Structures are given as structure tokens and as C-alpha cells.
Amino acid sequence: EAQVTQNPRYLITVTGKKLTVTCSQNMNHEYMSWYRQDPGLGLRQIYYSMNVEVTDKGDVPEGYKVSRKEKRNFPLILESPSPNQTSLYFCASSPLGGGDNSPLHFGNGTRLTVT
Amino acid sequence: GDSVTQMEGPVTLSEEAFLTINCTYTATGYPSLFWYVQYPGEGLQLLLKATKADDKGSNKGFEATYRKETTSFHLEKGSVQVSDSAVYFCALTFPGGYQKVTFGTGTKLQVIP
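Scoring rules and cut-offs
Residues numbered from 1 in each chain as written. Chains lettered and ligands numbered in written order. Predicted model: local features only at pLDDT ≥ 70, side-chain atom pairs only at ≥ 80, totals over all residues. Heavy atoms only, no water. Contact = heavy atoms within 4.5 Å. Buried area = accessible area lost by both parts, 1.4 Å probe. Salt bridge = Lys/Arg side-chain N within 4 Å of Asp/Glu carboxyl O. Polar contact = N/O pair within 3.5 Å; in protein donor to acceptor, adjacent residues only side chain to side chain. Helix = DSSP H or I, 4+ residues; strand = E, 2+ residues; numbered from the N terminus. Nonpolar A, V, L, I, M, F, W, Y, C, P; charged D, E, K, R; others polar. Buried < 20%, exposed > 50% of the residue type's maximum accessible area, 1.4 Å probe, protein only. Pairing = 2+ DSSP bridges.

Engineer: Summarise the interface of chain A and chain B; cite the residues concerned and give the values.
Structural biologist: Each partner contributes to the interface: chain A provides 25 residues, whereas chain B provides 23 residues. Carbon and sulfur atoms make up 58% of the surface buried where chain A meets chain B, a total of about 1,800 Å² over both sides. Seen at the junction of chain A and chain B, the total is zero salt bridges. Viewed at the interface, chain B and chain A are joined by five residue pairs in polar contact (both at pLDDT 80 or more). Of all the secondary structure elements, the ones that give two or more residues to the side of chain A that touches chain B are strand 4 (31-38), strand 5 (42-51) and strand 9 (87-94) of chain A. Considering each element in turn, the side of chain A that touches chain B owes the most residues, five residues, to strand 5 of chain A. The residue inventory of the side of chain A that touches chain B, partitioned by class, reads 12 nonpolar, 10 polar and three charged.

Structure representation (C-alpha cells):
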């Protein structure tokens with residue numbers, strides 16, 4: 001089954017403790033992206049990657065890192081999480097970008113709480 | 001920059017009621033327009049799309065028409081079901097290779113029996 005898999009689904013951590021949220025897709029998509037979803041703000045893009053070893057900042061990259069060493073994986077790293085990073089995070093992929101012929105495929109989300 | 005504005009929710013309807021969720025956009029050029037749906041506990045999935053003016057996208061009984069003159073892409077359904085309860089996101093992008101997707105803030109729909 002074609003899917004984007006994120007882990008964990010739920011994560012509670014403390015300020016400053018490094019964490020990684022994993023994302024993997026089995027559709028051989030070139031493009032992958034991370035979003036955060038906050039009430040009243042919708043989805044905001046954190047980072048994206050157009051291929052292996054090619055990553056770029058989205059709208060809200062501060063406090064996050066990513067890497068793309070393999071085509072299928074795109075982990076999101078919070079080196080020193082802070083409470084304002086408490087949010088619902090989504091990973092997405094598509095063959096190209098999110099354009100009209102290649103809609104985004106989303107994972108089921110990771111709900112992160114930083115205390 | 002490009003932006004998408006959706007009506008605020010939540011929207012609460014009785015089963016079999018008519019649904020309209022308003023969406024307007026601001027963009028330079030001629031974007032493609034989308035509606036994504038997010039069911040509880042899941043990620044977003046594409047519901048329908050329209051790539052040029054006057055196009056109508058449709059899926060699962062939902063429809064939306066790309067209105068260039070009013071820069072709108074309102075989502076409609078003639079008779080909603082409880083299973084339609086979800087958050088609906090309007091979005092835009094531009095054709096041709098990688099292009100950023102700009103999302104609206106989402107509208108929560110609750111359908112009661």
C-alpha cells in the first residue's frame with residue numbers, strides 16, 4: 001500500500017531534549033516536506049526537499065533541522081525543543097511538488113508536546 | 001505573497017443539509033486550486049482540484065468551481081452525511097514542476113444525525 005509513515009504518533013518531551021520525528025514514503029517520490037498545523041494558522045511549511053541531499057527552508061524553519069540521505073526518508077530534528085514547538089506535525093511527499101498533476105500525500109501526523 | 005482565506009469554523013450541519021464552505025484567494029498569475037480533507041486522526045488527502053478558470057472539480061458528491069472573476073473556489077455538497085465530518089483545507093499552487101502549496105487555515109465541519 002502506498003503510504004507516508006510518520007513515527008511516533010504522539011510525543012511528550014521536555015524543553016531542550018533533542019528529538020527526531022521520522023518520515024518514510026514507499027512511493028519513490030522525489031519531493032518531501034514537513035508542515036506544522038496550529039489552530040487558526042492552518043498548515044505552515046517547515047522544510048522541504050526536492051531530492052536526496054537537496055533541502056531548503058519553508059516558511060517557519062527556525063528551531064528545526066532536516067536531512068535527506070535516502071530518497072524514502074526525511075527525518076525532522078528538533079535539537080533543543082521549546083514549548084512554542086508544541087504542535088501537530090505532518091510529513092508529505094509527491095512525485096514533484098504539490099502541483100496540479102502531483103498532489104501531496106500526507107502521513108497521519110505526530111502530535112508533539114514540549115513542556 | 002499568495003494567500004488563501006477560508007471561512008471560519010466550525011460549521012455544524014444536520015445530516016442531509018446543503019454545505020458551502022467559502023474560499024477566496026490572492027495570487028499573481030493563474031494558480032491551480034485544491035480542496036484537501038482531513039478526517040479525524042489522519043493526514044490530509046486530496047478531495048478535488050481545478051486547474052483553470054471555470055473548471056469544476058468534483059469528488060464524493062463535493063463540487064467546487066474555479067471563479068477567476070471573484071477569485072473564489074467555494075466547496076459545496078448537496079446533502080452531507082455524518083461521515084463528511086472533517087476539516088477542509090483550500091489550497092493553491094502553480095503548475096509546472098515543484099511549486100509551493102499555500103494552504104488556508106482550514107474549516108471544521110461537524111455533521112450531526
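Engineer: Residues and numbers for the pattern of salt bridges, please.
Structural biologist: All names here are of chain A. Scanning all chains against the criterion turns up six salt bridges over all chains. Close ionic contact of D38 with R44 constitutes a salt bridge, the shortest N to O distance being 2.9 Å. A residue is classified by how much of its surface remains accessible, and D38, at 11% relative accessible area, is buried. On the basis of relative accessibility, which here comes to 25%, the residue R44 falls in the partly exposed class. Between K65 and E79 there is a salt bridge, with its nearest N and O atoms 2.9 Å apart. Residue K65 is found in strand 7 (residues 65-66), and its partner E79 is found in the loop between strand 8 (76-78) and strand 9; the two are separated by 14 residues along the sequence.

Engineer: Could you give an account of the sheet that holds strand 3 (residues 19-25) of chain A, naming the residues involved and the relevant values?
Structural biologist: Backbone-to-backbone hydrogen bonds pair the strands of a sheet. The strands run either parallel or antiparallel. An order of 1-3-8-7 (chain A) is seen for the four strands of this open sheet, with the pairing classed as antiparallel. Every interior strand has two partners, whereas the edge strands, strand 1 (4-7) and strand 7 of chain A, have only one.

Just geometry here; none of it tells us what the structure is for.
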